[in-house]
Amino acid sequence: MADEDLIFSMEGLDNSPMLKDCRSDCNKADSDEEDNYFICPITDDVSSPPVAKTKKSCLFGSLTKETQYGTSSSPRNSFSFREAWKHAIQKAKQMPDPWAEFHLEDIETEHAIRHRYNAVSGQWVQDEVLIKMASQPFGRGAMRECYRTKKLSNFSHSQQWKSAYNYVSKRYLETVDRDVYFEDVRLQMEAKLWGEEYNRHKPPKQVDIVQMCILEMKDRPGKPLFHLEHYIEGKYIKYNSNSGFVRDDNIRLTPQAFSHFTFERSGHQLIVVDIQGVGDLYTDPQIHTECGTDFGDGNLGVRGMALFFHSHACNRICKSMKLTPFDLSPRENDVLDNCSKMLQSAQTVLRGIEEKCGSSRVRTISGSRPPLLSRLSENSGDDISDMLFDSLPSSPSPATPHGHRFDVHGWPIFNENDNLHSDDNNSLDNHRDSENGGDSGCPSEKRSESDEMEHRAHGNYNRRRFESESEDSFGKVSAEKWNQFHATRVNIHRSSAVACEVRRLNDLALEKKIGKSILGKVHLAMVRYHEAGRFCEKDQNWDQESAIYHLEHAAHCGELEAIIGLGLMCSQMPHHILTEVSVEDTEENKIKGFNYLLIAAEAGDRPSMLHIARAYDTGISLGSDRLQDWQEALFWYNSALNMTDYDEGGEYDGTQDEPKYMLLAREAEMLITGGFNLEKDPQRSGDLYTEAAEAAIEAMKGRLANQYYQKAEEAWALMEE
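I will try to describe carefully the structure that is included in this document. Because the structure is predicted, anything quoted here is derived from the model rather than measured.

1. Section: the overall build of the chain
Then, number 1: Of the regular secondary structure elements, the chain holds 24 helices and 17 strands.
Then, number 2: As presented, the chain carries roughly 30000 Å² of accessible surface, and 47% of it is formed by carbon and sulfur atoms.

See the structure below:
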């Protein structure tokens, strides 16, 4: 492609994130890391040598500030813009191919079927590509090995393999189901959605997650599958893992803030972790979801969320985006104090324009919500309507449509009439390769804390993606889907703080409170990890104080298991969670225990109903703030009897709970005696004794049934008197 043609294809990119990065780099803007660099945005359809990054340099050279920035009155295809890009292209062409020494162009050409996933439409598309792949791997991790690969652009008119772009093909060492490859790609593209949503909130540094596709080697025996990503240069670093690991020898703020952001912005339904890559270009992330069944074994569900927050100390970016700290006990916060002090040395400088998470000012590209959240919200107890997620971002899509106005900080300004696709955009899309430089990758593995492979070679990935794979690349998607634009952004984010969650739950009916809070499930997972000794050394005692702290927070969020556990613990009764832990036997704890069990009873827990009934019946474990009340006892006995899950033997759920006939007999006895706010009722007492007798017969208790029949006659006799 001629330089002039390339410049034409790049029209509208004068305000692109790539160009803005260049300007920022030229002005020595802040950075999270010492290795700040700029990569010239050369698209994948260019027949020129791969572009390498130039550390602390700019491909725009000595262009004047006016030439680099242009003026507000000049058109997008102004002379200054065209000259800037032409200068960049000429300089890029002079950069050598970092893989030239391996002579991949001499390897036999193979035909492969490429499978790509569109996270907007949730559809897969395929086409045929030409590749050259090395026969021996150059890198190996715990799960996969990596092969140097060159792929010919589908828009290349001649097979110029020396100028083809460098890729990495990865395959699993062990034989896995073919669906695993497709699930990995789907995960990464879903995670890419959240990278774009994070960027729209104007963080100090934008992030990107590399695009990944699948190669099916159709001419090889068995048609093996490979993951394909662009090769990128730089020091590969694993910033956090899917199991709570946080790298502490490379002080970075953005990776941890990004993970925290995804938790709140998704309404707690997911969190993107396992952040690894080069700078803020990430690859092979992992997504933890509430159900924990998506995305293979690496999805640890709420347990993974708990592992992240146990090691996460909120940093300056978290605070600037109004992300709320996750509630940790004083002891846990003391452990994180050192980490918090280390974060002060990070070089990131806040711009003061960061948007609050979920701000109504943040606009999105698509009117469709991510397929992942569609599934999660259907299975979640949060009862979040589809409308709430209509404003979530689509992917792949440009972070900013061409032609938008920008503020003084380089961020897009939207208005009510913003439209995603103009004729200019469509004409530009037609010049793109279906990958258009958005794909990238580096050898990496997920689900392992120690597997960190570093690569030092010149690469060709656009570190800040200036354009992404459009819908046109996947076959047409309806224009309406792209053109839907919200006048305001629905605030759907949820705080990580229990106090905010409690306020939200207080507005719901009881049946919608209990067990409906994902945040409560995360705190309960914290309890289990503490009890299992996950957060302490083998020779140390586990932190009981912190475990109780999280148990209380889980209970406040309506987690029934935590409510029951605390109720039994405070009532000095055997409990199934934190069995080794006991609390002081005080009147205050006795009152708390009864109140917790009362909440559980109201939520439909039958053992709690029986406990409350007996307490009102006998006055034992009632607490000094309540009085013995047989009318209340009768209500709760009846509530327990009305539970429908009796087995054939008359016992609830086949357990050793009091059988039906005993509860009916106790009710009959109270009604025939009267007292404690309950009036005598011989008629009803006789009826209940009769029901108790019939239930005893069903339970093969014949002698006891005869006794109940006799007591029924005695009760009815009192009525006649």
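2. Considerations on the side chain of T149
Then, number 1: On the secondary structure map, T149 appears in strand β6 (residues 144-151).
Then, number 2: Only 3.2 Å separates the side chain of T149 from the backbone oxygen of Y147, close enough to count as a polar contact.

3. Digging into the packing of aromatic side chains
Then, number 1: Taken as a whole, this structure holds 19 aromatic pairs when the rule is applied.
Then, number 2: Judged by centre distance (6.1 Å) and plane angle (65°), the ring pair of W99 and F138 falls under edge-to-face. Separated by 39 residues along the polypeptide, W99 in the loop between α4 (79-93) and β3 (110-118) and F138 in the loop between β4 (123-133) and β5 (139-140) bring together distant segments of the chain.
Then, number 3: For W99, a relative accessible area of 2% gives the class buried.

4. Focus: unusual backbone geometry
Then, number 1: With a phi close to 60°, K202 is a non-glycine residue in the positive phi region.
Then, number 2: Checked against the element boundaries, K202 lands in the loop between α5 (178-199) and β8 (208-209).
Then, number 3: Taking relative accessible area as the criterion, K202 reaches 16% and is therefore assigned buried.

5. Some remarks on the pairing of β4
Then, number 1: Of the strand pairs in this sheet, β3 and β4 are connected by 9 bridges, and their pairing is antiparallel. In the sheet register, N118 faces β4, and the bridge partner there is Q123.
Then, number 2: The hairpin formed by β3 and β4 contains 4 residues between the paired strands, and G122 there has a positive phi angle of roughly 70°.
Then, number 3: Pairing analysis gives 3 bridges linking β4 to β6, with the strands arranged antiparallel. Within β6, the position partnered with M133 by the bridge is T149.

6. What about helix α14 (residues 498-506)?
Then, number 1: Those residues of α14 that sit buried are V498, E501 and L505. When α14 is viewed along its axis, its buried side chains cluster within an angular range of 60° and face the same direction. The exposed set on the far side of α14, more than 90 degrees from its buried face, consists of R503 and N506.
Then, number 2: If you follow the buried residues of α14, they end up packed against α15 (510-513), α16 (518-531) and α17 (544-556).

7. Topic: the nonpolar core
Then, number 1: Ranked by size, the top nonpolar core spans 59 residues in total, and within it Y198, F258 and V272 carry the most contacts.
Then, number 2: Mapped onto this core, the elements with two or more residues apiece are α5, α6 (254-265), β12 (270-273), α7 (301-310), α8 (316-320), α9 (330-343), α14 and α16.
Then, number 3: Leave out the neighbours within four places in its chain, and F258 touches A191, W194, G195, Y198, V207, I209, V272, I275 and Y282.
Then, number 4: The next biggest cluster of nonpolar side chains, apart from the first, holds 58 residues, and it includes V527, A554, A555 and L610.

8. Considering the pattern of salt bridges
Note on pairing: side chains with opposite charge can pair once their charged atoms come close.
Then, number 1: What the rule picks out here adds up to 27 salt bridges.
Then, number 2: Among the ionic pairs, R144 bridges to D284, the shortest N-O distance being 2.6 Å. Within this pair, whereas R144 is found in strand β6, its partner D284 is found in the loop between β14 (281-282) and β15 (286-289), the two being separated by 140 residues in sequence.
Then, number 3: R144 gets classed as buried once you look at its relative accessible area, which sits at 2%.
Then, number 4: For D294, the salt bridge goes to R186, with nearest N and O atoms at 4.0 Å. One end of the pair, D294, is in the loop between β15 and α7; the other, R186, is in helix α5, and 108 residues separate them in sequence.
Then, number 5: Since its relative accessible area comes to 11%, D294 is described here as buried.
Then, number 6: Within this structure, R144, K170, E229 and D284 form a network of salt bridges that share partners.

9. Focus on the packing of α17 against helix α18 (residues 560-570)
Then, number 1: The geometry of α17 relative to α18 is characterised by a closest axis approach of 8 Å and an angle of 125° between their N-to-C directions. The angle between α17 and α18 places the two elements in the oblique class. When the axes of α17 and α18 are compared, the crossing they make is left-handed. Each of L551, E552, A554 and A555 in α17 lies in contact with α18, whose residues at this interface are A562, I563, L566 and M569.
Then, number 2: Grouping the constituent residues of the contact of α17 with α18 by class yields 7 nonpolar, no polar and 1 charged.

10. Details of a negative patch on the surface
Then, number 1: Judged by side-chain charge, E584, D585, E587 and D625 come together as a negatively charged surface patch.
Then, number 2: Secondary-structure assignment places E584 in the loop between α18 and α19 (587-602).
Then, number 3: Accessibility expressed as a relative area gives 60% for E584, which makes it exposed.

11. What to know about the pairing of β3
Then, number 1: The buried fraction of β3 is high, at 8 of 9 residues.
Then, number 2: Strand direction decides the pairing type here: β3 and strand β9 (residues 213-216), joined by 3 bridges, are antiparallel. If you follow I113 over to β9, its bridge partner there is E216.

12. Remarks on the sheet that holds β8
Then, number 1: Strand order in the open sheet formed by 4 strands is β8-β14-β13-β11, and the pairing between neighbours is mixed. Either end of the sheet is taken by a strand with one partner, and the two such strands are β8 and β11 (237-238).
Then, number 2: Pairing between strand β13 (residues 276-278) and β14: 2 bridges, direction antiparallel. Within β14, the position partnered with V278 by the bridge is L281.

13. Here we look at the environment of A613
Then, number 1: Relative to the helices and strands, A613 is located in helix α20 (residues 606-618).
Then, number 2: Between the C-alpha atom of A613 and that of D629, which follows or precedes it by 16 residues, the distance is 9.2 Å.
Then, number 3: The residues contacting A613, other than those within four sequence positions of it, are A633, W636 and Y637.

14. Topic: the packing of α5 against α6
Then, number 1: Between α5 and α6, whose axes approach to 10 Å, the crossing angle comes to 100°. By the angle between their directions, the pair α5 and α6 is classed as roughly perpendicular. Counted together, A191, W194, G195, E197 and Y198 of α5 and T254, A257, F258, F261, T262 and R265 of α6 form the full contact between these two elements.
Then, number 2: Grouping the amino acids of the contact of α5 with α6 by side-chain chemistry returns 6 nonpolar, 3 polar and 2 charged.

About the thresholds
Residues numbered from 1 in each chain as written. Predicted model: local features only at pLDDT ≥ 70, side-chain atom pairs only at ≥ 80, totals over all residues. Heavy atoms only, no water. Helix = DSSP H or I, 4+ residues; strand = E, 2+ residues; numbered from the N terminus. Areas by Shrake-Rupley, 256 points an atom, 1.4 Å probe, with all protein chains shown as cover. Polar contact = N/O pair within 3.5 Å; in protein donor to acceptor, adjacent residues only side chain to side chain. Phe/Tyr/Trp six-rings, centres within 6.5 Å; stacked < 30°, edge-to-face > 60°. Buried < 20%, exposed > 50% of the residue type's maximum accessible area, 1.4 Å probe, protein only. Pairing = 2+ DSSP bridges. Arc of directions from axis to C-beta. Contact = heavy atoms within 4.5 Å. Core = buried A, V, L, I, M, F, W, Y, C linked by side-chain atoms within 4.5 Å. Salt bridge = Lys/Arg side-chain N within 4 Å of Asp/Glu carboxyl O. Axes fitted to C-alpha atoms, helices over the stretch in contact; angles between N-to-C directions. Parallel < 35°, antiparallel > 145°, perpendicular 65-115°, else oblique. Left-handed = near helix turned anticlockwise from the far one by under 90°. Nonpolar A, V, L, I, M, F, W, Y, C, P; charged D, E, K, R; others polar. Patch = residues over 30% accessible without salt bridge, like charges linked within 9 Å, V, L, I, M, F, W, Y side chains within 5 Å. Lys, Arg positive; Asp, Glu negative; His and termini not counted. Charge placed at Lys NZ, Arg CZ, Asp CG, Glu CD.

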